[in-house]
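Given next are the chains, with one letter for each unit.
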Amino acid sequence: MKKIVASLDIGSYTARMLVAEILTDKRDFLPLARKREYINIADFYENPGIIKQEAIENTVRVLKDFLKKADELGTEEFYAVATGVIREAKNRMEFVEQLKDATGIEPVLISGEKEACLTAEGVIYSLKLKKDIPFVIVDIGGGSTEFFIKTETTPYICSIPVGAAVLQNRDRDNAASYVRDLLKKNLGNLVIKAEKLIGTGGTITSLVAMAHGITFDKVYPENLNGKVLTLKQARKLFEELVRMSLQEMIYKFGLDKNRAKVIIPGTVILLRIMEFFGFSQVIASLSDILEGIILRPEILKKEI
């Protein structure tokens, strides 16, 4: 029996929703609508790990708008997760309770490892990856970066506490070495023989769109999934971006203000990852955790 469901990802920088119609028992699905809005929680995050009330109110407002669209489409079931800096916040349970009271949606606080698994499910399904071929999936978010590394045996899953929004608060001169040190600390002992690097998240999809001349009103999975960004292209874009003002980025590349603010630190993370693993290119996937949640909602209940 066909059913309409929605997946929601409430992250450090953006909130996103996918509404889809489940077509078969194997959870093949037809996307019906996508919504995305900046909530900028990382910008309203103060020491010692407190999400400010303004950020919570922003998130409530955005979710109410999402739910209106979902209701119009006849959504029967919602799966919502909270990721990034939210899972680390001291007032994370207060955040969840306020969202539940205001919208009826109670997001599940998931670990970085569970986030990586769900993202991998969405990427593998959408790009039709062969599970017997080693690959690396990286998701550069606002507050953290997740890795799902398919080896010849058990996948290696890892989350490091740096994302584009978090890194923007660091001095640019030491940002690259900071990311490199984190990669060495968390992945330095891992022997990787992967053929492909697949990337998700706003930084990577924006860079790929920029490199391929895809205007941002045309950025959706059917146009972006599978597109390639080379290391050479990424370096060239970075060199251009660091010489630009925020307004110049917006004018030349069509970035919105919120993405322009974090595109440079996000690119620093991507470049360090590509260099660390020795990849000469990254394959883009706009399909990610939203698709993964719809495909495998039972993962939300598993310990990972």
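Up top is the structure these notes are about.
A brief structural summary. Residue indices begin from 1 for each chain and proceed along its sequence in written order. Per-residue local features of the predicted model are confined to residues with pLDDT of at least 70, and side-chain atom pairs are confined, for both listing and counting, to 80 or more; whole-chain, interface and lining totals are unaffected and use all residues. Remark: hydrogens and water are excluded; side-chain values derive from all non-hydrogen atoms of the structure.

**Observations regarding the overall build of the chain**
Here is step 1: A count of helices and strands for the chain gives eleven helices and 13 strands.
Here is step 2: Only C-alpha atoms enter the radius of gyration; for comparison, a globular chain is expected to reach 2.2 Å times N to the power 0.38, where N is the number of residues. Its C-alpha atoms give the chain a radius of gyration of 18 Å, near enough to 19 Å, the size a compact globule of 304 residues would have.
Here is step 3: For the C-alpha atoms alone, the extent of the chain along its principal axes is close to 45 × 45 × 35 Å.
Here is step 4: Throughout, a residue-residue contact means that at least one pair of heavy atoms, one from each residue, lies within 4.5 Å. For the chain, contacts bridging at least 24 residues in sequence account for 67% of all contacts bridging at least 6.
Here is step 5: With residues, only the protein chains shown are counted as cover, and all accessible areas are computed by Shrake-Rupley using a 1.4 Å probe. As displayed, the chain offers around 14,100 Å² of accessible surface, 48% of which is attributable to carbon and sulfur atoms.
Here is step 6: His is not counted, nor are the chain ends, whereas Lys and Arg count as positive and Asp and Glu as negative. Where a charge lies is defined by one atom per residue type, namely NZ (Lys), CZ (Arg), CG (Asp) and CD (Glu). The centroid of the 43 positive side-chain charges in the chain is displaced by 4 Å from the centroid of its 41 negative side-chain charges. Going along the chain from the N terminus, every DSSP run of H or I of four or more residues is numbered as a helix, and every run of E of two or more is numbered as a strand.

**With respect to the sheet that holds strand 9 (residues 145-150)**
Here is step 1: Paired strands are those between which DSSP finds at least two bridges. Ordered in space as 10-9-8-11-13-12, the six strands form an open sheet in which the pairing is mixed. Edge positions in the sheet fall to strand 10 (156-160) and strand 12 (228-230), since each of these pairs with one other strand and no more. Adjacent strand axes in the sheet meet at a mean angle of 25° when their direction is disregarded.
Here is step 2: Looking at chain direction, strand 9 and strand 10 are connected through five bridges and run antiparallel. Bridge pairing in strand 10 links Phe 148 to Ile 157. To obtain each axis, a line is fitted to C-alpha atoms, and for helices this fit is confined to the stretch in contact; angles are then taken between N-to-C directions over 0 to 180 degrees.

**Observations concerning the pattern of salt bridges**
Here is step 1: Any Lys or Arg side-chain nitrogen found within 4 Å of a carboxyl oxygen on Asp or Glu counts as a salt bridge. This structure, assessed with the given rule, holds 14 salt bridges.
Here is step 2: Notably, a salt bridge pairs Lys 3 with Glu 77, separated by 2.8 Å at the nearest N-O pair. Taken together, the positions of Lys 3 in strand 1 (residues 3-10) and Glu 77 in strand 6 (residues 77-82) put the pair 74 residues apart, joining distant regions of the chain.
Here is step 3: Partly exposed describes any residue whose relative accessible area lies between the buried limit of under 20% and the exposed limit of over 50%, with all areas from a 1.4 Å probe on protein chains only and scaled to the type maximum. For Glu 77, a relative accessible area of 28% corresponds to the partly exposed category.

**Details of the side chain of Glu 291**
Here is step 1: Residue placement: Glu 291 occurs in helix 11 (residues 289-295).
Here is step 2: Here a polar contact is taken to be a pair of N or O atoms separated by no more than 3.5 Å, where protein atoms must pair a possible hydrogen donor with a possible acceptor and residues adjacent in sequence count only if both atoms sit in side chains. A distance of 2.9 Å separates a polar atom in the side chain of Glu 291 from a polar atom in the side chain of Arg 34.

**Looking at the sheet that holds strand 3 (residues 29-38)**
Here is step 1: An order of 3-2-1-6-7 is seen for the five strands of this open sheet, with the pairing classed as mixed. Each having just a single partner strand, strand 3 and strand 7 (108-109) make up the two edges of the open sheet.

**Quick look at the side chain of Asn 91**
Here is step 1: Looking at the element boundaries, Asn 91 is found in the loop between strand 6 and helix 2 (92-103).
Here is step 2: For Asn 91, a relative accessible area of 9% gives the class buried.
Here is step 3: Not counting residues within four places of it along the chain, the set of residues in contact with Asn 91 comprises Gly 49, Ile 50 and Ile 51.

**Some points on the nonpolar core**
Here is step 1: Counting residues in hydrophobic clusters, the biggest one holds 46 residues, and the most contacted among them are Phe 147, Leu 207, Leu 229, Leu 241, Met 249, Ile 273 and Phe 277.
Here is step 2: The element best represented in this core is helix 10 (residues 257-277), accounting for ten residues.
Here is step 3: Excluding residues within four positions of it along the chain, Leu 241 makes contact with Leu 207, Met 210, Met 249, Phe 253, Ile 263, Ile 264 and Thr 267.
Here is step 4: Put simply, a nonpolar core is a bunch of buried Ala, Val, Leu, Ile, Met, Phe, Trp, Tyr and Cys residues held in one set by side-chain atoms that sit within 4.5 Å of each other. In this structure, Ala 55, Val 62, Ala 89 and Ile 105 belong to the second largest nonpolar core, which totals 29 residues.

**Overview of helix 3 (residues 112-127)**
Here is step 1: Between its first and last C-alpha, helix 3 extends 22 Å over 16 residues, near the 22 Å set by a 1.5 Å rise per residue.
Here is step 2: With respect to burial, helix 3 is a largely interior element, 13 of its 16 residues being buried.
Here is step 3: Positive phi shows up at Lys 128, right after helix 3, with a value of about 55°. What a helix is expected to span follows from its residue count: subtract one and scale by 1.5 Å.

**Thoughts on the pairing of strand 6**
Here is step 1: By the bridge criterion, six bridges tie strand 1 to strand 6 in an arrangement that is parallel. Counted as the bridge partner of Leu 8 is Ala 80 from strand 6.
Here is step 2: Relative to strand 7, strand 6 runs parallel, the two sharing two bridges. The partner of Ala 82 across the bridge, within strand 7, is Leu 109.

**Some points on helix 5 (residues 172-187)**
Here is step 1: Over its 16 residues, helix 5 extends 23 Å from the first C-alpha to the last, a length consistent with the 22 Å expected when each residue adds 1.5 Å.
Here is step 2: Listed as buried for helix 5 are Ala 175, Ala 176, Val 179, Leu 182, Leu 183 and Leu 187. Take helix 5 and look down its axis: the buried residues cluster within an arc of 130°, on one side only. With respect to the buried face of helix 5, the exposed residues turned more than 90 degrees away are Asp 173, Asp 181, Lys 184 and Lys 185.
Here is step 3: Buried residues belonging to helix 5 abut strand 9, strand 10, helix 4 (164-167) and helix 10. Within this analysis, the arc is defined by the directions that extend from the helix axis to the C-beta atoms.

**Overview of the state of the cysteines**
Here is step 1: Note on terminology: pairs of cysteine sulfur atoms within 2.5 Å are recorded as disulfides. All chains considered together, the criterion is met by zero disulfides.
Here is step 2: Unpaired in terms of disulfides, Cys 117 finds its nearest cysteine sulfur in Cys 158, a separation of 12 Å.
Here is step 3: On the accessibility criterion, Cys 158 (6% relative accessible area) is buried.

**Structural notes on the pairing of strand 8 (residues 135-140)**
Here is step 1: The element strand 8 is largely enclosed, with a buried count of six among its six residues.
Here is step 2: Because side chains alternate across strand 8, one face comprises the buried residues Phe 135, Ile 137 and Asp 139, and the other comprises Val 136, Val 138 and Ile 140, equally buried.
Here is step 3: Where strand 8 meets strand 9, six bridges bridge the pair, whose relative direction is antiparallel. Residue pairing across strands places Val 136 opposite Ile 149, the latter belonging to strand 9.

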